[in-house]
Each structure stands twice: as structure tokens, then as C-alpha cells.
Amino acid sequence: MTGIGWIGAGRMGAAMAGRLLDAGHPVLVWNRTRAKAEALVPRGATVADEVADLGGCDVVFVMVSTSDDLREVLRGLFSGEHLPGTVVDCSTVSAEASAEARAESAKRGVRFVAAPVSGNPHVVADGGACLVASGDRESFDAVRELLDTIGRTAVYAGPGEVSRLVKLCHNLYLGMMVESLVEVVTLAEKGGVDRAAFLEFLNGTVLASDWVRNRTPDLVGQDWRPTFTTALLRKDFDLGLGAARAEEVPMPVASLVHQIIQAAIGQGHRDDDFLSLYEVQAANAGLRDPR
């Protein structure tokens, strides 16, 4: 078995696989929509006809959208004559689906590392992604160099599926942070403050963050081209609040934001960037022309 396999060449998957390709690694890519995989060919990728063709690789990375997607692609991967040595799943899925995938891998003698990633495609492409991994330490150490190539930081969180909870906590915080941001932006704007001026001030204070600075032009220009869609954020809130219920942890703020995310989807922002939560807040505040 040789080389690296990659399943999932969407916005995030393509950016992550591109990091490995740019570092000189041979990567065999499969995607349900073949054209997305073929877009990586100019950077050195080879496209697989079937997902089972990746079974001949030492390591296979997976970057898909949902728990059901993970189950489906692993069924295909494990249906071939050959099996990979290690599967590294970078998707944001439930702990239950991750444990199932780990068990199915173990039955076949395949190591499994759960390694969800933080960062949008632009951040990933610039080498700023952060990955958090769980599973047995030996398996993590075996793929650590590849994880370090993909991102700036790769943290080992512990055994089993704990990295899934870490990523869900991250995305819950991200959604709550963005809702807080669009609320204060809307208040300032409703009071007559220019949106760009308010954000310029905010970005110069101790409350500033690289994320807000980087996304300020999008919020000012109401550019909702997706880096991470509202629908995907809702999926992660569903999973995160489910984890909170299982652990008997009250999440009053996250629960409210969950409903606001639902409102954004109901108002037509399902496939927009989740920063479009601003549109819901602006409408609720009576800003008829928030531009």
C-alpha cells in the first residue's frame, strides 16, 4: 500500500488535500461529483473511479458533510479487495457515528483517527487550520506529520471520540459569537453608526479577533458567499445540543441561537454563509435597507 487517499473534494476537502499536494505528497482523490476531484488534477492529484480504489493507500482521509455521508463512504471504501492502513476522518459528525466508524474499521484491522478541523477553506489554504484528534495515541502519532502539513496545529485530545465533542463545542461557540457580533453591529447601525466604522473601532479593541477582522469586509459588503453554510451550522448545533442533553449540561444561549439559525434558514439563507445571520437581526430590528 502506498500514498494517500482522499475522500471528499468539496470546499474544505479540496483545500485540505491541496495542502498535501503542494507539499509533494501523491494523493488519490475520490468524490461523488467527479468534477470536484478533477479540479485537483492540475495540482498533482490522481482521480479514482471508485471509492474502493482508495483501499490501496496507506492513509485515507475523509472530509464529508454528515454522519450518514461518513457511513456511506466507509461502506464503499471497505468493499474493495484491499484495505487502507489508517482512516483519518476530518468531518464534523456525531460521536455515535464516529464510534461506529471506528468499530467497523477495527473489524477489518484498519486504524481510525477522528480528526475534525477548524477553519474555513481560505484559512486552510493559508495553512492556518487547527485539527483536534482522538483515538489511540500510536495511530495519531503515525499520521501527525500529515496533520501538521494540513494545518497549523494538531492537538491530541485523548482516546475514543472526544475530539468530536471538542469540535462541536467549538462550533457552538462560533455560532454564539457570530450572533453576538451581528446583534451589536445592528444596534450600532440602527442608532446611526456606519457599519464599517463600528467594525473598524471594534477591531482595534481588546475584543478583536483575527476571525472578525478577516470577515469584516464580508459583513460590511453583505457578501454571503459560503465559507460555511447556515445549514451546516444548524447540523452542528443539532449535534452539539444533543451532546449537551446527554451530559445534562444546560445551554440557554446556544439553544436560543439554534432557533435564530433556524429562522435564517427559513428566510432563505440555507446555502448562504452563516454570517448571513446578520440579515435576520437586521430584519428583526426594522432596518429596511441595511446596506
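Residues numbered from 1 in each chain as written. Predicted model: local features only at pLDDT ≥ 70, side-chain atom pairs only at ≥ 80, totals over all residues. Heavy atoms only, no water.

Undergrad: Teacher, can you tell me more about the pairing of strand S9 (residues 153-158) here?
TA: A regular strand carries its side chains on alternate faces of the sheet. Sheet analysis places strand S8 (residues 130-134) next to S9, joined by five bridges and oriented parallel. Bridge pairing links Leu 131 to Ala 154 in S9. What joins S8 to S9 is helix H6 (residues 137-150), and the crossover it makes is right-handed. (Pairing = 2+ DSSP bridges. Helix = DSSP H or I, 4+ residues; strand = E, 2+ residues; numbered from the N terminus. Right-handed = clockwise from strand over helix to strand, strands pointing away.)

Undergrad: Would you take a moment to explain the packing of helix H3 (residues 67-77) against helix H4 (residues 95-107) for this structure?
TA: The geometry of a pair of packed helices is captured by two quantities: the angle between their axes and the separation between those axes. Two elements in contact, H3 and H4, have axes whose closest approach is 9 Å; the angle formed by their N-to-C orientations is 10°. Relative to H4, H3 is oriented roughly parallel. Of H4, the residues touching H3 (which contributes Ser 67, Leu 70, Arg 71 and Leu 74) are Ala 97, Glu 100 and Ala 101. Classifying every residue of the contact of H3 with H4 gives four nonpolar, one polar and two charged. (Axes fitted to C-alpha atoms, helices over the stretch in contact; angles between N-to-C directions. Parallel < 35°, antiparallel > 145°, perpendicular 65-115°, else oblique. Contact = heavy atoms within 4.5 Å. Nonpolar A, V, L, I, M, F, W, Y, C, P; charged D, E, K, R; others polar.)

Undergrad: Sorry, what's going on with the packing of helix H11 (residues 252-269) against helix H12 (residues 277-284) here?
TA: Contact geometry for H11 and H12: axes closest at 9 Å, N-to-C directions at 90°. Overall, the two elements H11 and H12 adopt an arrangement that is roughly perpendicular. Two secondary-structure elements touch here, H11 through Ile 260, Ile 261, Ala 263, Ala 264, Gln 267 and His 269 and H12 through Leu 277, Glu 279 and Val 280. Looking at side-chain class alone, the contact of H11 with H12 contains six nonpolar, two polar and one charged residues.

Undergrad: How do you make sense of helix H1 (residues 11-22) when you look at a structure like this?
TA: Since the α-helix turns once every 3.6 residues, residues separated by three or four places project in the same direction. Compared with the 16 Å implied by 1.5 Å per residue over 12 residues, the 16 Å span of H1 between its first and last C-alpha is a close match. Burial within H1 is extensive, with nine of its 12 residues counted as buried. Considered for burial, the residues of H1 that qualify are Met 12, Gly 13, Ala 14, Ala 15, Met 16, Ala 17, Gly 18, Leu 20 and Leu 21. Phi for Gly 24, located one or two positions after H1, is positive at around 95°. (Expected span 1.5 Å × (residues − 1). Buried < 20%, exposed > 50% of the residue type's maximum accessible area, 1.4 Å probe, protein only.)

Undergrad: Looking at this structure, how should I read the nonpolar core?
TA: A general tendency of soluble globular proteins is for nonpolar side chains to be buried together. By size, the foremost hydrophobic cluster in this structure holds 34 residues, and its most contacted members are Trp 6, Met 16, Phe 61, Val 88 and Leu 147. Looking at this core, the elements that each hand over two or more residues are strand S1 (4-7), H1, strand S2 (27-30), strand S4 (59-62), S8 and H6. Per element, the largest residue contribution to this core is seven residues, and it comes from H1. Core analysis: the next-biggest nonpolar cluster, separate from the first, contains 31 residues, Phe 237, Leu 241, Val 257 and Ile 261 among them. (Core = buried A, V, L, I, M, F, W, Y, C linked by side-chain atoms within 4.5 Å.)

Undergrad: I keep staring at the side chain of Ser 134 and nothing clicks. Help me out?
TA: Assignment of secondary structure puts Ser 134 in strand S8. Its relative accessible area of 1% is what places Ser 134 among the buried residues. For Ser 134, the contacting residues outside a window of four places in its chain are Arg 102, Phe 112, Val 113, Ala 114, Tyr 156, Gly 158, Pro 159, Gly 160, Glu 161, Val 162 and Ser 163.

Keep in mind that these numbers describe shape and distance, not what the molecule does.
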